[in-house]
Structures are given as C-alpha cells and as structure tokens.
Amino acid sequence: MERITSIQQLELLKNSLQKAKESGRNVVRVCLGPGCRAQGADKVAAAFRDTVRQQGLPVKIEPLIKETGCHGFCKEGPLVTLVPSGLFYSRVKPEDVEEIVEKTIKKQEVISRLLYSENGTSYRTANEIPFYKRQMKLASRNVGDIDPLNIEDAIANDAYQAAAKAFSSMSPDQVIKEVEISGLRGRGGAGFPTGRKWRSASNAVKKRPGPVYVVCNGDEGDPGAFMDCAIMEGDPHSVIEGMIIAAYALDARQGFIYVREEYPFAIRNLTIAMDQARSVGLLGKNIMGSGFDFDIRINRGAGAYVCGESTALFLSIEGKPGEPRAKYIRSVERGLWDRPTVLNNVETWANIPVIIEKGGEWFSKIGVPGSTGTKAFSLVGKVKNVGLVEVPMGVPLSTIVEEIGGGIPGKGAFKAVQTGGPSGGCIPYKLKDVSVDYDSLTKIGSIMGSGGMIVMDDKDCVVDVARYFLRFLEEESCGKCLPCRLGLEAMLEFLDNFTQGKGSLEDIEELKSLAKAVQDGALCALGGSAPNPMLTTLEYFREEYEAHIVDKRCPAGVCKALITYHIDPEACTGCGLCAGICPQSCITGEEKSPHKIVQNACNRCGLCMDLCKFSAITVS
Amino acid sequence: MKEIDTKKLINFSINGTPAQAKEGWTVLDTARNMGIHIPTLCHHEAVEPSGACRLCVVEARDGAWSKVVVSCMYPPYEGVEILTDSERVKNVRRWVLEMLLAQCPASREIKALAAEYGVKSTRFRIKNPEEQCMLCGLCVRVCAEVVGVQAISLGSRGVLKHVSTPYMVPNRACIACGSCVTVCPTGAMQARLDKVRGDVSQRTGHGFAH
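Naming follows an unreviewed UniProt entry, where chain B appears as Ferredoxin of uncultured Desulfobacterium sp.

Looking at an unreviewed UniProt entry, one finds chain A named NADH dehydrogenase (Quinone), with uncultured Desulfobacterium sp as its source organism. Under the UniProt heading Sequence similarities (unreviewed entry), the entry covering chain A gives this text: "Belongs to the complex I 51 kDa subunit family."

Residue and element names in this part refer to chain A. Pairing is parallel across the open sheet formed by 4 strands, whose spatial order is S9-S8-S7-S10. At either end of the open sheet lies a strand with only one pairing partner, and these are strand S9 (295-301) and strand S10 (341-345). For this sheet, the mean angle separating the axes of adjacent strands, direction not counted, is 20 degrees. Taken together, the 7 bridges between strand S8 (residues 254-260) and S9 define a ladder with parallel strand orientation. Residue pairing for S9: phenylalanine 256 is matched across the bridge by arginine 297. On the sheet, helix H14 (residues 346-358) packs against strand S7 (213-218) and S10 and is oriented at approximately 95 degrees with respect to S10.

So, about the packing of helix H10 (residues 227-234) of chain A against H14 of chain A. Between two packed helices, the angle of one axis relative to the other and the distance separating the axes together describe the packing. Residue and element names in this part refer to chain A. In the contact formed by H10 and H14, the axes pass within 9 Å of each other and the chain directions differ by 50 degrees. The orientation of H10 relative to H14 falls into the category oblique. In this structure, H10 uses Asp228, Ile231 and Met232 to contact H14, whose residues at the interface are Val346, Glu347 and Ala350.

All names here are of chain B. Inspection of every chain in the model, using the stated rule, returns 0 disulfides over all chains. Counting only cysteine sulfurs, cysteine 42 is the nearest neighbor of cysteine 136, a cysteine outside any disulfide, at a range of 5.9 Å. We classify cysteine 136 as buried; its relative accessible area is 10%. Of the cysteine sulfurs around cysteine 184, a residue in no disulfide, the closest is that of cysteine 136, at 6.4 Å.

On to the pairing of strand S1 (residues 9-14) of chain B, then. All names here are of chain B. Relative to strand S2 (residues 17-22), S1 runs antiparallel, the two being bridged by 6 bridges. Opposite serine 13, over in S2, you have proline 18 as the bridge partner. Sheet topology note: the S1/strand S5 (residues 81-83) ladder contains 2 bridges and is parallel. The residue of S5 that forms the bridge with serine 13 is glutamate 81.

Parameters at a glance
Residues numbered from 1 in each chain as written. Chains lettered and ligands numbered in written order. Predicted model: local features only at pLDDT ≥ 70, side-chain atom pairs only at ≥ 80, totals over all residues. Heavy atoms only, no water. UniProt positions renumbered as here; feature names shortened; annotations may be inferred. Pairing = 2+ DSSP bridges. Helix = DSSP H or I, 4+ residues; strand = E, 2+ residues; numbered from the N terminus. Axes fitted to C-alpha atoms, helices over the stretch in contact; angles between N-to-C directions. Contact = heavy atoms within 4.5 Å. Parallel < 35°, antiparallel > 145°, perpendicular 65-115°, else oblique. Disulfide = S-S within 2.5 Å. Buried < 20%, exposed > 50% of the residue type's maximum accessible area, 1.4 Å probe, protein only.

Below you can see the structure in the form of structure tokens.
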C-alpha cells in the first residue's frame, strides 16, 4: 500500500476500498474472539481456507475468509457470519465447513441446523436474535466486522476518518470541547469526565511547558471481564485513532499502551496494527502529511493487578515497582515521568473517534443525563447467553440479564449480579430494575467499574463470593500500606471463619468497623474499595451471613464445611455412575438398588451431584 | 526538591483553629509549625513522603464532602477544614495501631506509641513475635534518595513484602553508611545491616564509608 501523504488521499483510498467491499463478493467472517477461539474457531477458519482452496471456486463465488474479533455471542461459538446474505451460523465445527461451502456459498441454501434457535424460533441473521436486538455498538462498532490484521479493512470501515477530520477542520481546543460536550466518562471504572481530564492536562501543559503523554490502560484484570480484550483484539485501530486524536488535542508526541501480558493476541494485534499504520503514514512521523508527529509504544504488564491503578501503572512504565502513590496531585498535572499525562481506558479511547466524527452533541443524546453513550459489559456467570454486550447507558439491569442474557439457565432463580469486579458490589434481585449508569449504581453501593457483570443464582453463596473477591485482592495487594496489607488479610480470616460456621454475630460488627478503617485508611482504590463486595452482600443478604454463623448452614449449598450430600433413594436407579467417579470411594450400594454416601469419608467435592443423570443427589 | 513560593499563604483550619500554610506545605508541615501533634512513622524530613504507614491520617472536610487523607502528603487548600481527632480518624488510627502491634510485636517504640493512644493489645494474628520491621520503607527511600545507591529495596508484594537486597545476598552497592539504621523508626534495620553490607573486612576502597 502506498504511503498516505494527505487527507484527500485517505478519503480516496477509503472510497475505493469501500467500493471493492460493496461489489458483492462473498465473505465468510469467522469469529476469533477469546470465547470462540477457546471453542476451536481457529480450526474452523483453517477448514474454510482449505476447503475453498481445494475446490478452486470460480472468482464470482470464492469467498474471502476473514478472521475477525469477538462477535459477542460467546456461548454459541464458534460463530460464522456470511456476507452479503448476513446468515449467522452458530456452534460451527470444522466438519460443518464443507457443507457450508457446498450448500450456502455455492447454492445459497440455508443450513437450518446451524442457525441459532431459541424457544422454537430459529433466526437467520444476527440482528433478529434477542441477544443482539437491544444492543448498540459504539466502542465495539467494528469488532467482529473487520479483520484486525488488515488495515485496509479498517480504513474501509471509516478508521482514521475522525483523526483526518480533527487534523483538517478542528483546532486542538475544538477537539477537547467536542469531548467535553459529549459527556463521555472514563470507562475504566471511576467514571471521571474525559473532556475535563483532557482540559486539565491541556491547562497543566500551558503552565509547565514540556512533554505531555497519552496513555491507554489495557491492564484489564477484573475476574470475568474481557471487554477491553475484545476491543484491543478485534479493532486495535479504534484505540490507536483515539490516542492520535488526543495527542493532536494536547500536542503530545508519545503514547503508551499498557497491556497485560496475559493478553497475547491483544498485544499481537495492536503491534501489527501499529506497524501497518506506521507504514502507511497514519502513525509516527508526519501523520497524513499534516506535519504532526506522534508514536505509540506498547508496555506489557507482568501480571500485577494493582498496575491497573493509574499511579502504579505510570511507575510500571517507568520501570519501577508498581506501587500506587497518593493522588492528591492529579496525574493530569504530574503523571508519567512527573509530566502532565492523560490516562484513559481502552473502551474510552475507542469511543473518541465516534465522538469526533459524529459530534459530541450526537453522542450526548445516547444514554441518560450524567452517563452518556454506551457501555460494554462482559456478561458471565449463571446466565444463558454468556458473552460480550454493549448497551446504551441507563437500560435496566434486568434487560441485560433477562432479555439480552436470556435469564438464568436451568431451574435456578436469579439471585444477584456482581458489577464492577472485586471493587464493585452485589446487586440483589429486588433491585434488578436499577438503571445501569454511573450514578444509579453508586447509589445502591455498587459501581459501574470496567464492565464485568457476574450473574448469580440461588446456588451461589454470597459469603463465598465476598470471600472469593477479598482473597483475590489480598493476593494482589502491593503491600505498601498497612490497612490493605494486613486489613484485607484479617477481613479474609473473618470470612473464612464464617464459611466454616465459626464466628459470632459480634464478629460481623467488628468486621464492619475494620472494613470502614480499610476504606478510609487504605492508600489507593484497590484497598479502599476492597470491602465493597462484603459490605453490599452483608447489607442485602445479612440473613445468609447469619445462617452460616448461627445456624451453621450454607443456604446455597456451597460452603464445604457446612454441607452434606445425600442420595434420594426414590430417585436413585442404582446405575453406579457416582460410585465409579467418587475420588474418596465413599459411595456404596448394589447395582440397580439405591446407593448411599458414607458421610465421614465424603470430601464434598460434588462430582456425584454434577454427574447424576436422575437428580438423585441433593445437598443440604 | 519542592519549589516553594514563600509569599503566597493558604488559609484553612486545623481542629477549628485558623491555620496558614505556605505554598508547598502539607497539612503535617503546617500542623507541626503550629505545634499540633500528629503521630507519624514513615515520615522523615530527609526524604519525599510516601504515605505508607497511614498513622498520620486526618479528616479533610469541605461542606458536605469529607475524606480521610494522609497529612504527610495532603496539600491544604483555601478553606478546607482539617480534623486530627474525628471519629473516622480515630477508627483508622486505632485499627492501624493494632495492625502495627501484630506486624512488629518486638518493637518497643510501636508498643509505646500504641499505648499512648490507648491501644494495648491486638486482634490481629501475630506471625513472628521477633519482628521489629513494619515495612514503612524509610530505609529504602533514604538509600535511594539521600545516599543514592539503592542497595536495598522492598521485595515481593502484599503479605509477603519484605526489605531485602537483590537476590537476598549482600549487596556490593552498599557503602555501609548506616543511614538506613539511623532513620529506621523501630530499630529493625540494625539487625538487618550485616545482611546488606556483607563482610566488612572484605570491603575496602572506593565508595566505601569505613
């Protein structure tokens, strides 16, 4: 590809690429997002390439095999979308590929077996499926559509148009103004207004002339969250373009993307995207012939959750141990190398090009006042449709869980949703209609966070959940300040005791007092917000805590020290499956007659219950 | 070093008493200037504050807004009310002192300090009754910022954190100046010094203090 030396040239290139795209050529989009890849999507893509090559199809029919980012509907993966028909095939296996090529690509026949169906209805295209219907994709607009390793594909989908618009017709001040008008708030969790952040940084540079940095936080570490991963993998150009626009607005020359090492595909795709952008003149020296220089470097995180905290992240980039410092002097004034720095989350950066292209006014009308735009969530846990969703701010939580997520699988009852990861809170069923926006979630004790959404049913124990998150943070605490280092450890001991039926009701009060001291006393937000899951579960599910402590009983049947497994003699057929799998060999019984569990040998692993085909094993 | 504009004064209050801070002063600087006592452990004038020990917490109030902050780092601003002994502050301080008693039970200084605030026992588990170090990191900061050799550092993280040399072997970067021993608020560094500097008889020549 030729180097782009002017904005007109980018426009011409885009037009010609779009024309080629609209020519009606067959395209097979294979989702290679984290979920589909785990389910073998790479083999499906390889099968498509092999089959197409072997068959030597005529040019008119031969499809382009495109490996894209996450389509979102992870539960139904591997997913394949066909263009131009829009057909949406789910759970595609490599064995299905030949049939797809034979029937659908050659003869336009629909293979109904591969269509997604729900409650007796099968859906031909993605847009008709309830999972996609309520969604609105802004930050992930091109994820699942483009081939992230091909910059031409991105350009055909309007990548770098917003940067071109900013360069050609907007002053740096206008760019910041547009972001301010949009009302965009940081998608990393705290929800600080992005425009105000940029403005403060711009003012700080004016006061203290010198270098200014733009940084992307891709250290997504919350358990169960993968929104940023999907964006970095599926559309790295949106992040790069967002950073270029901010660099133009702040006159920055250097940017950094901090990605956790656990995301190898995100690192690979970002690196390739940056290389391609550099080689065509969209990044680096003299971007689009405008005379503006800006480049980005990737810094890989070595596995410390705390390095997602802004000040620890800066130290980590500087090559020092990632320990947070007090934020009384904000990083927009003194951030990376003590210079004004704008740090935004991946999803925030991905929103910037949309705002510049369509205008802050347009963006501000999406969502609700105070929380504009959309938010991506990774919907996981006890929900039918596990996957990546993006919805306008302000939709009720129940819409996400019950309509998009399809509700709770099996016989379980919707109990609670954990939002905001380990720093967030547990929202009970009775508050399921809460509007999902920054302020409403904060009001009920949770936070928006970066977008992890873990759904729980009546088989999940809230005490155990609180303990899980606390243990996660205790392990990830940097240990700089005492309240976090020892406070979390002590809180965890309380919860460990509760899950074993030990402790007293006075312990709950003591735990609350300690939690308050940790909230007030901890140095950074990791420690300061660590008590949140415990405090919200205690507020909304106090009776469950009391059941553990007073009645020595785990109502959800999770806490091992407090449960026993039984075999219902009525339901047991004596098939012997459980006896065969039991690692303790503590299930006895004659063939075809009801079995029994020898309680004192049982280690409560629950394997028998998971395996039993007759639901004969109960827990109490 | 801090750039201080001595002409500009910031008016605020500490425990209801009007206070004036020079530009660049922290709440702790101002309180000490006024003779108001705020307990500290990891603070030392020779190095930049780090805010690790959390003992010097105070409550900052501004209308309905209120936050517990560390006075050794918090820059006061016009009109902010600082409380050094509010209920929230007392709760944090009490728990921090109990944590300190569990962290370094062998330190006489910590015991005396805790007793001063009425804390005589701890509800936390004592892991090592011989421990004197509370991991404030003052020794590490002095070594890096004042001596400029970085012979010691804080290793690991969370409950495993410890003061040590790289690879936990005596470090030839150590000039055996003893600054770390001098600044240590609990006397813990005294016992560790030999592990840092190694065999002194083998160490002579350029860059060595003895």
